[in-house]
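# Architecture and fold: a report
This is what each chain is made of:
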Amino acid sequence: MGPHPAVAAIRLAVRRVLHDILTEHHRTLTDDTTAGTGTKAGTGTAAGLRTTAAATATATHERPPAPLVLVACSGGADSMALASALAFEAPRLGIRAGGVTVDHGLQPGSGLRADEVTLRLRDLGLEPVEAVAVTVGREGGPEAAARDARYAALDATAERHGAAAVLLGHTRDDQAETVLLGLARGSGIRSLSGMAAVSGADGRYRRPFLELDRQTARKACMVQSLPVWDDPHNADPAYTRSRLRHEGLPALEKALGKGVVEALARTAQLSRDDADALDSWARQADASVRDAAGRLECAKLYALPPAVRRRILRRAAIDAGAPAGSLFARHIEEVDRLITGWRGQGVINLPGKVVAQRQGGRLVIRQG
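So, here's what we can say about the structure. (Residues numbered from 1 in each chain as written. Predicted model: local features only at pLDDT ≥ 70, side-chain atom pairs only at ≥ 80, totals over all residues. Heavy atoms only, no water.)

## As for the pairing of strand β1 (residues 68-72)
Most of β1 sits inside the fold, with 5 of its 5 residues counted as buried. In this structure, β1 lies alongside strand β2 (residues 96-103), joined through 5 bridges in parallel fashion. Looking across to β2, one finds that Val-71 is bridged to Gly-99. Crossover β1 to β2 through helix α3 (residues 77-89) is right-handed. As paired strands, β1 and strand β4 (residues 165-167) are joined by 3 bridges and run parallel to one another. Within β4, the residue paired with Val-71 across the bridge is Leu-167. (Buried < 20%, exposed > 50% of the residue type's maximum accessible area, 1.4 Å probe, protein only. Helix = DSSP H or I, 4+ residues; strand = E, 2+ residues; numbered from the N terminus. Pairing = 2+ DSSP bridges. Right-handed = clockwise from strand over helix to strand, strands pointing away.)

Listed below in structure tokens is the structure:
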């Protein structure tokens, strides 16, 4: 008899992602080996050392080190299901598997909880396993600040261990919540695209469960007798996502019927495809709307579709020093009016002490 359907579903999702990671790892080794044959001796660069090592390993038939994949685990049902699937699948593919849990220090006994999670991960056979304590700031609100601290810790841990990827346990339900939060902010199609299956520097973060619901992960933990920890913050109405989870989505399903979560997840994927296409168009169009000195020309910007033009404006503002997380749709709309609704307006102030102004048919975006 095979595994329970829930267990089979999470293992299949993880297996597919690990196959992708393994393929990318082998491609990188091949590229490094090929580059290594043309590397001059004595360059002393890190790239040269890597390619030389890869070429030497190939020449001597040594097996290169297996890639390391970490799972980010809070101890909740989603991440424990993910950890168990990683522990099962990784050895079968010749991949090393480890885990990391982040102690945000926001609740009494959080350090003890982190220690318990590391023990559970080691019991699954994962190694290395690490608990990382962070200090959560206040910028952007409690949820955003905790998220920023968590990802900074995960980045540092992945780099320290040389991990090829970090698996995250976000489910289809999390995706639906993210889409609704983006809709509430009114910040455009990119917000509606939710979380990407692959994100972060060099595709570090992978989300195998975006097509699985939360109940599947919880069921997988139950049938495998995996202990799980339910974060009280997830039920605290003080947090926006908690209210959405326990009040907003149930109300939508009551009003619209079942299938809201699945529909929102589909919306995320369709929106991401559209946003990626528009981003690509904007990157290609950017050079065509600049003069010989690289300044943005208002007449050429005006001729572009609004969705493309505003992407160029947003990128220009970020390049000038505006923090991406603080740059909202209303900011870009004000800058856009310098092109589409020119009435002699003055300087537009943007986050990060960046200013935008129209000067002689050119749009100047710079530090103020």
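Resuming the write-up.
## Points about the sheet that holds β4
Judged by pairing direction, the sheet is mixed, and its 6 strands sit side by side in the order β3-β2-β1-β4-β6-β5 without closing on themselves. In the strand order of this sheet, the two ends are held by β3 (129-133) and β5 (198-199), each with one partner. Sheet topology note: the β2/β3 ladder contains 5 bridges and is parallel. Bridging across to β3, Asp-103 finds its partner in Ala-133. Its contacts with the sheet put helix α4 (residues 110-123) on β2 and β3, and the angle it makes with β2 is roughly 170 degrees. Sheet contacts for helix α5 (residues 142-161): β1, β2, β3, β4 and β6 (205-206); angle to β3, the most-contacted strand, approximately 140 degrees. (Contact = heavy atoms within 4.5 Å. Axes fitted to C-alpha atoms, helices over the stretch in contact; angles between N-to-C directions.)

## Things to note about the packing of helix α12 (residues 306-319) against helix α13 (residues 329-340)
Two elements in contact, α12 and α13, have axes separated by 10 Å at closest approach and are oriented at 115 degrees. Both α12 and α13 take part in a crossing whose hand is right-handed. Note on element contacts: α13 touches α12 through Ile-332, Val-335, Asp-336, Ile-339 and Thr-340, opposite Arg-309, Arg-310, Leu-313 and Arg-314. Broken down by class, the residue content of the contact of α12 with α13 amounts to 4 nonpolar, 1 polar and 4 charged. (Left-handed = near helix turned anticlockwise from the far one by under 90°. Nonpolar A, V, L, I, M, F, W, Y, C, P; charged D, E, K, R; others polar.)

## Section: the pairing of strand β10 (residues 362-367)
Pairing analysis gives 2 bridges linking strand β7 (residues 296-297) to β10, with the strands arranged antiparallel. Bridge pairing links Leu-296 to Leu-363 in β10. Two strands pair when backbone bridges link them, and strand β9 (residues 354-359) and β10 are joined in this way by 6 bridges, in the antiparallel orientation. Counted as the bridge partner of Ala-356 is Ile-365 from β10.

## With respect to the pattern of salt bridges
Considering all chains together, one arrives at 27 salt bridges under this definition. Linking Arg-245 and Asp-174 is a salt bridge whose minimum nitrogen-to-oxygen distance equals 3.4 Å. One end of the pair, Arg-245, is in helix α9 (residues 240-256); the other, Asp-174, is in helix α6 (residues 172-185), with 71 residues separating them in the sequence. Pair check on accessibility: Arg-245 and Asp-174 agree, each one buried. The shortest N-O distance in the salt bridge between Arg-295 and Asp-291 comes to 2.9 Å. (Salt bridge = Lys/Arg side-chain N within 4 Å of Asp/Glu carboxyl O.)

## A closer look at the packing of aromatic side chains
Two numbers describe a pair of aromatic rings. These are the distance of the centres and the angle of the planes. Applying the stated rule across the entire model yields 1 aromatic pair. A ring pair is formed by Tyr-151 and Tyr-205, whose centres lie 5.2 Å apart and whose planes are at 90 degrees; its orientation type is edge-to-face. Taken as a pair, Tyr-151 in helix α5 and Tyr-205 in strand β6 lie far apart in primary sequence, 54 residues in all. You'll find Tyr-151 and Tyr-205 in the same group, each marked buried. Residue placement shows Arg-11 over the ring face of Phe-88; its charged tip is 3.5 Å from the ring centre. Sitting over the face of the ring of Phe-88, Arg-92 holds its NZ or CZ atom 3.7 Å from the ring centroid. (Phe/Tyr/Trp six-rings, centres within 6.5 Å; stacked < 30°, edge-to-face > 60°. Lys NZ or Arg CZ within 6 Å of the ring centre and 35° of its normal.)

## Some details on the state of the cysteines
For the structure on display, the rule yields 0 disulfides. No disulfide involves Cys-73; its nearest neighbouring cysteine sulfur is the one of Cys-221, lying 8.7 Å away. (Disulfide = S-S within 2.5 Å.)

## Some words on unusual backbone geometry
A cis geometry characterises the amide bond from Glu-127 onward to Pro-128, with omega recorded as 5 degrees. Here Pro-128 is to be found in the loop between α4 and β3. Within the chain, Ser-225 stands out as a residue other than glycine whose phi angle is a positive 55 degrees. Relative to the helices and strands, Ser-225 resides in the loop between α8 (214-223) and α9. Look at Ser-225 and you get exposed, because its relative accessible area is 62%.

## Quick look at the sheet that holds β9
Ordered in space as β7-β10-β9-β8, the 4 strands form an open sheet in which the pairing is antiparallel. Two strands close off the open sheet at either side, each with one partner strand: β7 and β8 (348-350). Where α12 meets the sheet, it contacts β7, β8, β9 and β10, and its direction lies at approximately 35 degrees from that of β10.

Everything listed is a geometric property; what it means functionally is a separate question.
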